[in-house]
Amino acid sequence: MTEAILLVGGKGTRLRPLTVHTPKPMVRAAGVPFLTHQLARARAAGVEHIVLATSYLAEVFEPYFGDGSALGLHIEYVTEEEPLGTGGAIRNVADRLRSGPDDPVLVFNGDILTGLDIRALVDTHETTGADVSLHLTRVADPRAYGLVPTDDTGRVLAFLEKPQTPEEIVTDQINAGAYVFRRSVIDTIPADRPVSVERETFPGLLAAGAHLQGMVDSTYWLDLGTPAAFVRGSADLVLGRAPSPAVPGRCGDRLVLPTATVAPDAKVTGGTVVGEGAFVAEGARVSGSTILPGAVIEPDAVVTDSLIGTGARVGERSVLTGTVVGDGAVVGADNELREGVRVWCDARIPAGALRFSSDQ
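Let me sum up the structure you'll find in this document.

Quick notes on the rules
- Residues numbered from 1 in each chain as written.
- Predicted model: local features only at pLDDT ≥ 70, side-chain atom pairs only at ≥ 80, totals over all residues.
- Heavy atoms only, no water.
- Helix = DSSP H or I, 4+ residues; strand = E, 2+ residues; numbered from the N terminus.
- Rg over C-alpha atoms; globule rule 2.2 N^0.38 Å.
- Buried < 20%, exposed > 50% of the residue type's maximum accessible area, 1.4 Å probe, protein only.
- Contact = heavy atoms within 4.5 Å.
- Areas by Shrake-Rupley, 256 points an atom, 1.4 Å probe, with all protein chains shown as cover.
- Lys, Arg positive; Asp, Glu negative; His and termini not counted.
- Charge placed at Lys NZ, Arg CZ, Asp CG, Glu CD.
- Pairing = 2+ DSSP bridges.
- Salt bridge = Lys/Arg side-chain N within 4 Å of Asp/Glu carboxyl O.
- Polar contact = N/O pair within 3.5 Å; in protein donor to acceptor, adjacent residues only side chain to side chain.
- Axes fitted to C-alpha atoms, helices over the stretch in contact; angles between N-to-C directions.
- Phe/Tyr/Trp six-rings, centres within 6.5 Å; stacked < 30°, edge-to-face > 60°.
- Core = buried A, V, L, I, M, F, W, Y, C linked by side-chain atoms within 4.5 Å.

Let us now look at the overall build of the protein. A count of helices and strands for the protein gives seven helices and 30 strands. Taking 2.2 N^0.38 as the reference for a compact globule, 360 residues should give roughly 21 Å; the C-alpha atoms of the protein span a radius of gyration of 22 Å, in line with that estimate. The burial tally for the protein puts 55% of its 360 residues in the buried class. For the protein, long-range pairs separated by at least 24 residues make up 52% of all intrachain contacts whose partners lie at least 6 apart in sequence. Accessible surface for the protein amounts to roughly 14,800 Å². Of this, 50% is attributable to carbon and sulfur atoms. Between the centroid of the 31 positive side chains of the protein and the centroid of its 45 negative side chains there is a distance of 3 Å.

If you want it as structure tokens, here you go:
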């Protein structure tokens, strides 16, 4: 297998304000755009040619990755004028593929952090003679996902989108967002209109008697669709829990990038990333968080499981837990922000304005 399609066109609405100025795959995880980790893992699995299916803020991808040669890849870019869904996006880039009709083409979503054995998925596809093979993983609560029951040989029996009743939950296997298509199957997807592979393409192929094969791989898997998940994924990359050849440094308790400054008595732990030009001041405590380039954590601030945007500032003695601070925003001194708070880009929170406890 030498080529793949990466679906990176989504707006990332669940991640806002992180995605106001930056498409979701370009938000930094463990010091580099998240997409870098996916590209590097694909290359390590033997992929040489990748087509990026872009849409939202499409203009930012090519200036960063160029032709892909720095990663040992040849990257092409195709931009959707109107959002086409997962299936429509795959079909929209088909003319850039070089594979023969029976060759395998890897397809994966741009918001999944996984330790999937890509070669094993391709091998499963080829040895079973499948038309499409799917990476499946097991989750404790499958209600937010598409269930994919299989028989004893791994052959897919059905696709059940986001079941809600106990009777509908017939398996804990879910569609994990990575596929291998027989090249000719991609050409059967309708062109020039929105198509969902989950709701239209896969059920349609199954109904037509096609062979869809599931491979359960329960290594690390995380959907980075929410700010909390994105912060956790970045920390897991730094800590070495999630594998990636693209982490710019050794795995460990923290990753401090060049030109960043951390005061000698500041405590930075839990897989925290401190981006280029960022500053963590004396007495500050930062754990499990992402501090993007140029951000400032002032003295004695406490930041836990949070993401601080590019050029943002957290004031003295402020305490942030499970918080996202957008690019250029300022959280004044002596504020207290808890789980789920999103401070929008360039917002200004005055000193002592927000608290969840007494100021004494």
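Right, let's get into the pairing of strand β8 (residues 132-138). Extensive coverage of β8 is indicated by the burial of six of its seven residues. As paired elements, β8 and strand β11 (residues 173-182) share six bridges and run antiparallel to each other. In the strand pairing of β11, Val132 is matched with Phe181. Where β8 and strand β12 (residues 212-216) come together, five bridges link them in parallel fashion. Across the sheet, residue His135 finds its bridge partner in β12, namely Met215.

This next bit is on the environment of Thr137. With respect to the secondary-structure elements, Thr137 resides in strand β8. Residues Thr137 and Asp172, 35 residues apart in the sequence, show an inter-C-alpha distance of 8.1 Å. In this view, Thr137 contacts Asp172, Gln173, Ile174, Ala176, Asp217, Ser218 and Trp221; residues no more than four positions away in its chain are not counted.

As for its position among the elements, Leu257 is in the loop between β14 (254-256) and β15 (261-262). Apart from residues no more than four positions distant in its own chain, Leu257 is found in contact with Gly31, Pro248, Val273, Val274, Gly275 and Glu276.

Looking now at helix α3 (residues 85-92). Helical geometry: 3.6 residues make up each α-helical turn, so side chains three or four residues apart lie on a common side. Within α3, the full set of buried residues consists of Gly87, Gly88, Ala89 and Ile90. The secondary structure elements touched by the buried residues of α3 are β1 (3-7), β4 (49-54), β6 (104-109), β11, α5 (183-186) and α6 (197-207).

Turning next to the sheet that holds strand β21 (residues 296-297). The strand order across the open sheet formed by six strands is β15-β18-β21-β24-β27-β30, and the pairing between neighbours is parallel. Looking at strand neighbours, the two that pair on one side only are β15 and β30 (348-349), the edges of this open sheet. Across two bridges, strand β24 (residues 313-314) lies against strand β27 (residues 330-331) in parallel orientation. Within the sheet, the bridge partner assigned to Arg313 lies in β27 and is Val330.

Turning our attention to the pattern of salt bridges. Across all of its chains, the model carries 17 salt bridges by this definition. Taking the shortest distance from any N to any O, the salt bridge between Glu336 and Arg355 comes out at 3.6 Å. With Glu336 in strand β28 (residues 336-337) and Arg355 in the segment after β30, this pair connects stretches of sequence that are 19 residues apart. Its relative accessible area of 35% is what places Arg355 among the partly exposed residues. Through salt bridges with shared partners, a single network forms among Asp102, Asp131 and Arg182.

In this section: the side chain of Thr272. Mapping Thr272 onto the fold places it in strand β17 (residues 272-274). Of the polar contacts made by the side chain of Thr272, one reaches the backbone nitrogen of Gly288; its length is 3.0 Å. Beyond its immediate sequence surroundings of up to four residues, Thr272 is in contact with Val238, Asp253, Arg254, Leu255, Val286, Ser287, Gly288, Ser289 and Ile291.

Strand order in this open sheet of six strands is β14-β17-β20-β23-β26-β29, and the pairing throughout is parallel. Pairing within the sheet leaves two strands with one partner each, and these edge strands are β14 and β29 (342-343). Pairing geometry for strand β20 (residues 290-291) and strand β23 (residues 307-308), over two bridges, is parallel. Bridge pairing links Ile291 to Ile308 in β23. Helix α7 (residues 227-239) rests against β14, β17, β20, β23, β26 (324-325) and β29 of the sheet, and its axis sits at about 85° to β17.

So, on to the packing of aromatic side chains. One pass over the full model with this rule turns up seven aromatic pairs. Their ring planes at 70° and their centres at 4.8 Å tell us that Tyr64 and Phe65 sit as a pair that is edge-to-face. Relative accessible area serves as the criterion here: at 10%, Phe65 is assigned to the buried category. With centroids separated by 5.7 Å and ring planes inclined at 70°, the aromatic side chains of Tyr145 and Trp221 adopt a geometry described as edge-to-face. Of this pair, Tyr145 sits in the loop between β8 and β9 (146-147) while Trp221 is found in strand β13 (residues 221-223), placing the two residues 76 residues apart along the sequence. The class of Trp221 is buried, set by a relative accessible area of 14%. The structure contains a cluster of three or more aromatic residues connected by ring pairs, namely Phe159, Tyr179, Phe181 and Phe202.

Formed by 29 residues in total, the largest nonpolar core has its most connected members in Ile5, Ile90, Val132, Leu134, Phe181, Phe202 and Leu212. Breaking this core down by element, the ones donating at least two residues are β1, β4, α3, β6, β8, β11, α5 and α6. Residues within four places of Val132 in sequence aside, it is in contact with His125, Tyr179, Val180, Phe181, Val185, Phe202, Leu205, His211, Leu212 and Gln213.

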